[in-house]
Amino acid sequence: FNPPGDRPLTLAGLRGRVVLVDFWTYTCINCIRTLPYLEAWDAKYARKGLTIVGVESPEFPFEKDAGNVANAIRQFGIRYPVVQDNNLATWNAWANQYWPADYLVDKTGQVRYTTFGEGDYTTTESAIRALLVAAGARQLGGGARAHGAIIPSSQATPETYLGTARAMGWIGGEPRFGTDTYAAPGYGLALNDFAYGGTWTIGNQQALAGAGATIAAEIQAKHVYIVLSPPAHGSGHVAVSVDGHPTTTLDVTQQRLYTVASFPSDSQHAIKLRFSPGTSGYSFTFG
């Protein structure tokens with residue numbers, strides 16, 4: 001996606017330029033929060049010799065869909081080239097283990113700097129500028145300014161998944177593989193606890209809602225997110241309540257990350273979600 005002049009890019013063809021290889025996936029909130037910085041660096045330094053290459057390495061099966069990736073690129077306003085790494089061949093070639101992960105390559109093709117996860121933006125930009133100067137760039141001016149950046153809370157509830165593979169914090173043990181009916185708890189949950197209610201069909205990654213499907217959680221965060229997928233035909237809905245009060249209904253029309261709730265500050269809340277049948281969930285993230 002977005003190749004200059006509609007011609008494929010190769011690392012060999014980029015010799016002489018500074019290259020930032022960014023591993024990401026479009027439903028990862030940690031990746032999404034880095035995008036304002038990447039976009040700012042692209043706007044500031046592309047003409048000075050920097051090429052950013054986004055490597056979209058999918059976590060969930062629907063992130064292998066080229067249409068979904070194209071929609072995400074458009075929605076996020078990404079202008080730099082992005083390659084779809086469906087079989088994780090590029091991920092494995094770099095021995096990468098993280099979303100997001102950045103590898104900064106100098107004009108001779110040597111990796112000179114790496115950073116994993118969010119943060120270190122000032123250090124990363126300094127490394128970019130130093131390699132650009134070493135490559136012959138002049139008059140770089142002041143630093144880039146990221147617009148719309150969100151600073152995550154350091155006290156947020158840990159990320160968890162709705163499938164069996166990496167579920168954490170679910171009361172009564174991990175979710176059970178297959179179709180089952182769960183009894184919603186009749187009491188308040190402890191902080192960072194999650195609980196299913198109603199009928200669910202649960203796989204390694206996906207939780208498919210059936211009749212009366214709910215999720216209750218006690219969370220600490222400023223922002224609450226969930227990865228959702230609509231039914232096979234049509235759209236789905238997830239009704240949200242916060243501290244016992246209905247707040248919004250999510251119209252699930254795409255396979256992507258949705259915002260469940262946002263609060264003025266980092267705070268503790270009881271969240272309840274009611275799913276229409278056929279709607280699927282994948283993961284909760286907080287910030």
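In case you missed it, the structure is sitting above this.
**Points about the overall build of the protein**
Okay, so step 1: Looking only at helices and strands, the protein features four helices and 14 strands.
Okay, so step 2: For the protein, the spread of C-alpha atoms along the principal axes amounts to about 65 × 35 × 30 Å.
Okay, so step 3: Pairs at least 24 residues apart make up 70% of the contacts formed inside the protein by residues separated by at least 6 positions.
Okay, so step 4: Just so you have it, the protein exposes about 13400 Å², and 51% of that area is on carbon and sulfur atoms.

**Structural notes on the pattern of salt bridges**
Okay, so step 1: For the structure on display, the rule yields four salt bridges.
Okay, so step 2: For the salt bridge of E59 with R166, the shortest nitrogen-to-oxygen distance reads 2.7 Å. In this pair, E59 sits in the loop between β2 (50-56) and α2 (66-76) while R166 sits in the loop between β6 (160-161) and β7 (178-182), placing the two residues 107 residues apart along the sequence.
Okay, so step 3: E59 gets classed as buried once you look at its relative accessible area, which sits at 13%.
Okay, so step 4: R112 is paired through a salt bridge with D106; the nearest N and O atoms lie 3.0 Å apart.

**What to know about the side chain of S280**
Okay, so step 1: Looking at where S280 falls in the secondary structure, it is placed in strand β14 (residues 280-286).
Okay, so step 2: On the basis of relative accessibility, which here comes to 2%, the residue S280 falls in the buried class.
Okay, so step 3: A polar side-chain atom of S280 sits 2.8 Å from a polar atom in the side chain of Q206.
Okay, so step 4: Ignoring any residue separated from it by four or fewer positions in sequence, one finds S280 in contact with Q206, A207, L208, V227, L228 and S229.

**Observations concerning the sheet that holds strand β5 (residues 111-116)**
Okay, so step 1: Within the open sheet, the five strands sit side by side as β3-β2-β1-β4-β5. Their pairing is mixed. The open sheet terminates on both sides in strands that have one partner only, identified here as β3 (82-84) and β5. Along the sheet, successive strands turn relative to each other by an average axial angle of 20 degrees, direction set aside.
Okay, so step 2: In terms of strand pairing, β2 meets β3 through three bridges, oriented parallel. Considered in β3, the bridge of E56 is made with Q84.

What counts as what
Residues numbered from 1 in each chain as written. Predicted model: local features only at pLDDT ≥ 70, side-chain atom pairs only at ≥ 80, totals over all residues. Heavy atoms only, no water. Helix = DSSP H or I, 4+ residues; strand = E, 2+ residues; numbered from the N terminus. Contact = heavy atoms within 4.5 Å. Areas by Shrake-Rupley, 256 points an atom, 1.4 Å probe, with all protein chains shown as cover. Salt bridge = Lys/Arg side-chain N within 4 Å of Asp/Glu carboxyl O. Buried < 20%, exposed > 50% of the residue type's maximum accessible area, 1.4 Å probe, protein only. Polar contact = N/O pair within 3.5 Å; in protein donor to acceptor, adjacent residues only side chain to side chain. Pairing = 2+ DSSP bridges. Axes fitted to C-alpha atoms, helices over the stretch in contact; angles between N-to-C directions.

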